[in-house]
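Examination of the molecular architecture
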Amino acid sequence: MPVYVDISRCIGCRSCEVACKRVHGGSSHVNVHMVRDQASVPVFCHHCEEASCTLACFTQALHKAGERTAFDVEKCTGCGLCQLACPFGVVWTDKIAHKCDLCEGKDTPTCILTCPANALSTDFELAAARARARAARVAAYGGRR
Amino acid sequence: MIKVDANKCLGCVSCSNVCPSQNITRIDTPEKRSIHWKRCKEECDLCVEFCPAKALTLVPFDEVSPEPNVSFDLVTCKICQSHYATEPMLKRIESVLPANLQLDSTGLAWIWVCPVCRRNIEAERATKQIILGRSRKSP
């Protein structure tokens, strides 16, 4: 259950970054990238099924808990291996590792509640429907012209 | 006192992070990382326990043996040329990940690309997906 992003809705306001910082003691686990003048892309942890970060972590501080890639701060030594093992560069370390925990303990992650453009959701069906609609538009009208 | 097997040490920051008495110092310069173990009298072995490479051992204190010191040249990112990690750490990642995870969909060996560039690639990929769907005719 990762956070699904509909990039065509993202307005690049960085509210998700700020919300994440607010609930995680000043360190954001989201990075909103501005790709030239074309799009803004919040880069999130994918909570990979076969998560590289959990394979690299030698203390099992990072581990799979159901669909989530969970993080146990008590076991983290801050070695930095997870940061180098993440294919998307969304895990980072200072004295300990920082990564999206889907706001553990809350029903809905704070970034989703905050996004004013409705670009974020944890609803797979919704994300899949939007992706299908986008693909259908490309099929029906062709790409950019 | 701590004995270090320099061939096993990854150059990570685990030991210097867990040492309760700051006896392990790490000096990061833009191109090099050096780690220095002070001659400690402690009986604590937290660093030994939390070394991912099992490179450290606790040995009895003596006043003559030199303080261990290791240094690593940092690897440069294949894309932006920034220095971002020690080679043994990246080699270790290569050894623990299954081969099918080590190349992305374009065949890029992403382990040798720095985390910042990895994020940029991810953002670029997502952008390509949506600009294809932008059409003047679409509703």
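For the structure itself, look to the data block above.
Residues numbered from 1 in each chain as written. Chains lettered and ligands numbered in written order. Predicted model: local features only at pLDDT ≥ 70, side-chain atom pairs only at ≥ 80, totals over all residues.

Another aspect to go through is unusual backbone geometry. Of note in the backbone geometry, A:R14 takes a positive phi value of approximately 65° without being a glycine. In this structure, A:R14 sits in the loop between β1 (4-5) and α1 (15-23). For B:Q22, which is not glycine, the phi torsion reads 50° and is therefore positive. The topology assignment puts B:Q22 in the loop between α1 (14-18) and β2 (24-28). (Helix = DSSP H or I, 4+ residues; strand = E, 2+ residues; numbered from the N terminus.)

Residues and elements named next belong to chain B. In space, the four strands of this open sheet follow the order β2-β3-β5-β6, with antiparallel pairing throughout. Unpaired on one side and paired on the other, β2 and β6 (83-86) mark the two borders of the sheet. Across the sheet, the mean angle from the axis of one strand to that of its neighbour is 25°, orientation sign disregarded. Those strands touched by helix α3 (residues 87-96) are β5 (69-76) and β6, and its axis lies near 70° from that of β6. (Pairing = 2+ DSSP bridges. Axes fitted to C-alpha atoms, helices over the stretch in contact; angles between N-to-C directions. Contact = placed C-beta atoms within 7 Å.)

As a further point, take the interface of chain B and chain A. Put simply, an interface is often sized by how much accessible area is lost when its parts join up. Contact residues are listed per partner, giving 35 residues for chain B and 37 residues for chain A. At the level of elements, α1, α3 and α4 (115-133) of chain B are the ones that each hand at least two residues to the side of chain B that touches chain A. Of the residues belonging to the side of chain B that touches chain A, the class tally is 20 nonpolar, seven polar and eight charged. (Nonpolar A, V, L, I, M, F, W, Y, C, P; charged D, E, K, R; others polar.)

All right, on to the environment of A:V30 then. Relative to the elements of secondary structure, A:V30 occurs in the loop between α1 and β2 (31-35). Along the backbone, A:V30 and A:N118 are 88 residues apart, and their C-alpha atoms lie at a distance of 16 Å.

Limitation: the analysis is restricted to geometry and does not speak to function.
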